[in-house]
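A closer look at the structure
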Amino acid sequence: MKSHVGMEQKVCPVCGQAFDTGAILLDKRLRNTLERKTVTGWDLCPEHAKQWEKGYIALVECDPEKSTFTDGTIKPQDAYRTGRIVHIRKAAADRIFDVEIKSPVAFVEPGVVDALEKMQEGETSGD
Ligand SMILES: [Zn+2]
């Protein structure tokens, strides 16, 4: 049932889960256009926002055959997640991918996560 008030939700591009932002949405004309929970866009969930603040980016493994590519990249809504997520330090990611990654999430193909986990094993000491 729709109403003129709704609870705002956003979807986390890392885990793909919808979460409450705590904001209340109001239809300015008081029309009943809003679901009780209304997704308004993408944002990091509290857990993954914390990782980003700590300087980690999330590499989200996707199935390339089931994901849709747009100009060589996958948009959050087109990603078919395999469920594997690895967090690596942003500086390390910049070095590995040889570009500055500006977003808190990057979609990668299977195999990349395995390779990175191996690389990280040698890197985490002294952290
Ligand atoms: Zn999340």
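Definitions and cut-offs
Residues numbered from 1 in each chain as written. Predicted model: local features only at pLDDT ≥ 70, side-chain atom pairs only at ≥ 80, totals over all residues. Heavy atoms only, no water. Helix = DSSP H or I, 4+ residues; strand = E, 2+ residues; numbered from the N terminus. Buried < 20%, exposed > 50% of the residue type's maximum accessible area, 1.4 Å probe, protein only. Contact = heavy atoms within 4.5 Å. Areas by Shrake-Rupley, 256 points an atom, 1.4 Å probe, with all protein chains shown as cover. Lys, Arg positive; Asp, Glu negative; His and termini not counted. Charge placed at Lys NZ, Arg CZ, Asp CG, Glu CD. Domains from an automatic or database assignment. Buried area = accessible area lost by both parts, 1.4 Å probe. Salt bridge = Lys/Arg side-chain N within 4 Å of Asp/Glu carboxyl O. Nonpolar A, V, L, I, M, F, W, Y, C, P; charged D, E, K, R; others polar. Pairing = 2+ DSSP bridges. Donors = N, O, S within 2.8 Å, 3.2 Å for Na, K, Ca; no water.

A few points about the overall build of the chain
- Of the regular secondary structure elements, the chain holds three helices and eight strands.
- Going from the N terminus to the C terminus, the chain shows its helices and strands as β-β-β-α-β-β-β-β-α-β-α.
- For the chain, the spread of C-alpha atoms along the principal axes amounts to about 55 × 35 × 25 Å.
- Relative to its 127 residues, the chain shows a buried fraction of 31%.
- Residue pairs at least 24 apart in sequence account for 67% of intrachain contacts in the chain once pairs closer than 6 positions are excluded.
- Summed over its atoms, the accessible surface of the chain is roughly 8200 Å², and 51% of this surface lies on carbon and sulfur atoms.
- Here the chain contributes 18 positively and 21 negatively charged side chains, and the mean placements of these two sets differ by 8 Å.

Things to note about the domain arrangement of the chain
- By domain assignment, the chain separates into domain 1 (5-46) and domain 2 (55-121).
- Measuring from the centre of the C-alpha atoms in domain 1 to the corresponding centre in domain 2 gives 26 Å.
- If you look at the interface, domain 1 gives seven residues, while domain 2 gives nine residues.
- Regarding the contact of domain 1 and domain 2, the summed buried area is about 580 Å², with carbon and sulfur atoms giving 75% of it.
- In terms of surface lost to domain 2, no three residues of domain 1 exceed Pro-13, Val-14 and Trp-42, which account for 78% of the buried area on that side.
- Inspection of the region where domain 1 meets domain 2 yields zero salt bridges.
- Taken together, the residues that form the side of domain 1 that touches domain 2 break down as six nonpolar, one polar and no charged.

A few points about the pairing of strand E2 (residues 18-26)
- The pairing of strand E1 (residues 5-11) with E2 spans six bridges and is antiparallel. The partner of Gln-9 across the bridge, within E2, is Asp-20.

Focus: the coordination of the zinc ion
- Listed as protein donors to the zinc ion are Cys-12 (SG), Cys-15 (SG), Cys-45 (SG) and His-48 (ND1); their distances from the metal cover 2.0 to 2.3 Å.
- Coordination of the zinc ion draws on donor residues from a single chain, spaced C-x2-C-x29-C-x2-H in sequence. On the criterion of sequence distance, the pair formed by Cys-12 in the loop between E1 and E2 and His-48 in helix H1 (residues 46-53) is long-range, its members being 36 residues apart. Accessibility assignment for this pair places Cys-12 and His-48 in one class, buried.

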